[in-house]
Amino acid sequence: MKLTLISYGIARDILPAHKHALDIEVNTIEDLKTSLCKDYPELKNLQSISFAVNEEYRDDAFILSENDEVVIIPPVAGG
Amino acid sequence: MKLTLISYGIARDILPAHKHALDIEVNTIEDLKTSLCKDYPELKNLQSISFAVNEEYRDDAFILSENDEVVIIPPVAGG
Amino acid sequence: MIEIKILSEPLLVDACSKKVQDPAAGGINIFVGTVRNQTKGKAVLRLEFEAYESMAISEMNKIANTMQEKWDCFHICIHHRVGVLNIQDIAVVIAVSCAHRKASFEACQYAIDTLKQTVPIWKKEIFEDGEEWVSAHP
Amino acid sequence: MIEIKILSEPLLVDACSKKVQDPAAGGINIFVGTVRNQTKGKAVLRLEFEAYESMAISEMNKIANTMQEKWDCFHICIHHRVGVLNIQDIAVVIAVSCAHRKASFEACQYAIDTLKQTVPIWKKEIFEDGEEWVSAHP
């Protein structure tokens, strides 16, 4: 499945680029998380990782679709 | 005892003047309150009356001295 | 730093906020009290505030001292206006800075709650058909 | 009225306060978050904020909607800054107006607490000898 992965904050430092094309065998957010944590083990050291699709947080069971833009959200720290 | 009575807010409307000289037989704030409420019965309709001497609230038992400036404080409503 | 003022000109929120800024502060809380256009459903035209100024300042200083003792506030700025105020005008600004935000909220709420109970300031509401000292009667 | 902005220029407290004024409002509460000069005792030189802007605005709108539902707020203004911030600079201003003051305090505290949990904005602390994304690691 072709996805675009967008990363911010510390995730942007760990992943190869702010915007990053993936061609990957995954169904759910959970699959994507597992795959990313294997390829980029530093992600496992983070306090949390969340994912957003279409500007909404999505849980592990969320089913990804071809060409989704997925945003990886490390622990937020606004304010 | 000679006292100066200073009044604000609604008390100023009830008493003859903002600053008002009294010559009156009183010992305590309580005596003064009783006397004023007799002379100006509208004071009894107020939600509360407090008194200050030297910029501090004083309770009923406070003993007045010759020439004290006594401030009558009707219910406050700042803010 | 504690700054307490009773002013007859319009109050500025930014001025109070800047007064309490501190390099070690993480949170500033500000309460701004404005004049409402009605009271119990009756239209208010304007308000007139008067203060027993020296004692009002002394009572506001007591409030600020308690805030510093209880919530470790860095800086406190309280500006209260007197004179004639129109609808939406600012009657009071209370700004407080603390290391952390929770303390700033608690301290500021204590300040406005206590100010309304103890500080000798009075206001008269002016209606179309009369006027009334606020809270004077039960 | 709800106004949510992410800005790269300095934030103004007065601007937010004025936005939420209302003739029916009696209380405005404002939270101002400023950059602290240290974190866990270590001197901070400056902060760098970045936001996933479209989602950050959407999440801040959710917060504002909840404030209106839960506390009957009249108006809410949230300005968050991004880019490089120096010590004492304002990172966020949240202003809210309500008929009564208690609601304004509660709604504003809810807003900043929730903003820090859900809004996709990140900050990096720059020290003399390195830098660190805030809250990234356990």
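Residues numbered from 1 in each chain as written. Chains lettered and ligands numbered in written order. Predicted model: local features only at pLDDT ≥ 70, side-chain atom pairs only at ≥ 80, totals over all residues. Heavy atoms only, no water.

J.: I would appreciate a short explanation of the side chain of Ser7 of chain B in the present structure.
T.: Residue and element names in this part refer to chain B. As for its position among the elements, Ser7 is in strand β1 (residues 2–7). Polar contacts involving the side chain of Ser7 include one to the main-chain carbonyl oxygen of Ala17, which spans 3.2 Å. Here Ser7 is in contact with Arg12, Leu15, Ala17, His18 and Ile72, once residues within four sequence places are set aside. (Helix = DSSP H or I, 4+ residues; strand = E, 2+ residues; numbered from the N terminus. Polar contact = N/O pair within 3.5 Å; in protein donor to acceptor, adjacent residues only side chain to side chain. Contact = heavy atoms within 4.5 Å.)

J.: I would appreciate a short explanation of the pairing of strand β2 (residues 19–23) of chain A in the present structure.
T.: Look at any regular strand and the pattern is simple: side chains alternate between the two faces of the sheet. Residues and elements named next belong to chain A. Covered by surrounding structure in β2 are His20 and Leu22 only, the residues Lys19, Ala21 and Asp23 on the alternate face being uncovered. Across five bridges, strand β1 (residues 2–7) lies against β2 in antiparallel orientation. The partner of Ile6 across the bridge, within β2, is Lys19. (Buried < 20%, exposed > 50% of the residue type's maximum accessible area, 1.4 Å probe, protein only. Pairing = 2+ DSSP bridges.)

J.: It is not clear to me how the interface of chain D and chain C should be interpreted in this structure. Could you clarify?
T.: Chain D puts 35 residues into the contact, and the matching count from chain C is 35 residues. Both faces considered, chain D and chain C share a buried interface measuring about 3000 Å² in area, 49% of it formed by carbon and sulfur atoms. Across the chain D-chain C interface, the total number found is two salt bridges. For the pair chain D and chain C, the interface holds 21 residue pairs in polar contact (both at pLDDT 80 or more). Elements supplying a minimum of two residues to the side of chain D that touches chain C: α1 (13–20), β2 (27–34) and α3 (101–118) of chain D. Here the side of chain D that touches chain C takes nine residues from α3 of chain D, the largest share from any one element. For the side of chain D that touches chain C, a count of residues per class yields 16 nonpolar, 12 polar and seven charged. Alignment of strand β2 (residues 27–34) of chain C against β2 of chain D, held across seven bridges, turns out to be antiparallel. Paired with Ile28 of chain C across the strands is Val32 of chain D, a residue of β2 of chain D. (Buried area = accessible area lost by both parts, 1.4 Å probe. Salt bridge = Lys/Arg side-chain N within 4 Å of Asp/Glu carboxyl O. Nonpolar A, V, L, I, M, F, W, Y, C, P; charged D, E, K, R; others polar.)

J.: Got a minute to help me understand the pattern of salt bridges in this structure?
T.: A side chain with one charge may pair with a side chain of the opposite charge, provided their charged atoms come close. Residues and elements named next belong to chain D. Inspection of every chain in the model, using the stated rule, returns 29 salt bridges over all chains. Residue Glu3 pairs with Lys5 through a salt bridge whose shortest N-O separation is 4.0 Å. Residue Glu3 is classed as buried on the basis of its relative accessible area, which comes to 13%. Across the pair Glu131 and Lys124 runs a salt bridge, and its minimum N-O distance is 2.9 Å. Of the residues examined, Glu131 reaches a relative accessible area of 48% and is grouped as partly exposed. By relative accessible area, which is 12% here, Lys124 ends up buried.

J.: Explain the sheet that holds strand β5 (residues 46–51) of chain D here, please?
T.: Paired through backbone hydrogen bonds, the strands of a sheet run either parallel or antiparallel to each other. Residue and element names in this part refer to chain D. Taken together, the four strands give an open sheet; going across it, the order is β7-β5-β9-β10, and neighbouring strands pair in antiparallel fashion. Across the chains shown, the open sheet's two edge strands, defined by having one partner strand only, are β7 (83–86) and β10 (130–133). On average, each strand axis in the sheet is inclined to that of its neighbour by 25°, with strand direction left out of account. The pairing of strand β9 (residues 121–127) with β10 spans four bridges and is classified as antiparallel. Within β10, the residue paired with Glu125 across the bridge is Glu132. (Axes fitted to C-alpha atoms, helices over the stretch in contact; angles between N-to-C directions.)

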